[in-house]
Structure formats: structure tokens, C-alpha cells
Amino acid sequence: MVFGLFKKKEPVKVTIKGTGETFMCNPDELLMKAAFRQKVDWPHSCKVGSCGSCRATIVEGEGKYPSSPCDPTTLLHKEEMDNGMVIACQWVPTTDVTVDVEIGKEGDKRGMV
Ligand code: FES
């Protein structure tokens, strides 16, 4: 028998680098949405993947952009993506992650010029 085929998805743990604060992200839940659900003051503006102010660097762990209209290449430089930077309002962690983000700061609205 192959048990892995029907493995139930579990929530993943998100750890904020620097403060050590943690919160849980449900399967297929957007990183920033999970942060808001748990009253984490994540930097943001548009919430729809067009301003870039929610970006954060994934220090450890993996994730994906689900079928979203967001194209991170329009908001992030290739070097930033290579270094683990993501658009948190459009990105879903698929493993436990450690993320570098300045909680409580106003994001840099790169896309809104
Ligand atoms: S809040 Fe604007 S891109 Fe995420």
C-alpha cells in the first residue's frame, strides 16, 4: 500500500527571524493572510500582489505561488528571488519556514510609482 498518496496536509510553522515569533499557516494559506489571521503586523499595502511592500526573505524552508495573477518577476529582481525573497501576500509556504521581515514597519511600495 502507498500511504503517501493520500497524506493529509498539515499546517506549517512560520518563524520570524530576529524576534523568534511564530505562527501557524494552514495548508494552501497565503503567508501574509496567515500572519493577519494571527494578528501579526506584517508590512503591506495592496494585498493583491501589485505593490511589493509585503516582500520578505525566506531564510529556510520552501513554498510556492499558487495560481495567482501575481508575477513576482515584476516586483522582485532576479537576485532577490535567487536569495529567497517572496511576495508574502501571494506566496504559500509548503514546509516550515523561517522568514526575515520587519514586522510592524511600513513596507516599501516598490510597485506603486
Ligand atoms: S501587499 Fe502589495 S504586493 Fe503584497
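This one's a predicted model, so the numbers in the text were calculated from it and none came from an experiment.

A. Local environment of the nonpolar core. Formed by 26 residues in total, the largest nonpolar core has its most connected members in Phe23, Leu31, Trp42 and Val99. Looking at this core, the elements with two or more residues in it are β1 (12-16), β2 (22-25), α1 (31-37), β3 (55-60), β5 (85-87) and β7 (97-100). A total of 4 residues in this core trace back to one element, the largest contributor, which is α1. Apart from the residues within four sequence positions on either side, Trp42 is in contact with Ile16, Phe23, Leu31, Met32, Ala35, Phe36, Cys54, Ala56, Ala88, Val99, Val101 and Ile103.

B. The arrangement of the side chain of Thr98 in detail. Assignment of secondary structure puts Thr98 in strand β7. We classify Thr98 as buried; its relative accessible area is 19%. Not counting the four nearest positions on each side in its chain, Thr98 is found in contact with Thr15, Lys17, Thr57, Ile58, Val59 and Glu60.

C. Local environment of the pairing of β1. Of all 5 residues making up β1, 4 are buried, and the element is well covered by its neighbours. Examined bridge by bridge, β1 and β2 share 4 bridges and lie antiparallel to one another. Opposite Val14, over in β2, you have Phe23 as the bridge partner. Relative to β7, β1 is paired through 3 bridges, and the arrangement is parallel.

How each quantity is defined
Residues numbered from 1 in each chain as written. Predicted model: local features only at pLDDT ≥ 70, side-chain atom pairs only at ≥ 80, totals over all residues. Heavy atoms only, no water. Core = buried A, V, L, I, M, F, W, Y, C linked by side-chain atoms within 4.5 Å. Buried < 20%, exposed > 50% of the residue type's maximum accessible area, 1.4 Å probe, protein only. Helix = DSSP H or I, 4+ residues; strand = E, 2+ residues; numbered from the N terminus. Contact = heavy atoms within 4.5 Å. Pairing = 2+ DSSP bridges.

The values reported here are purely geometric and, on their own, carry no functional implication.
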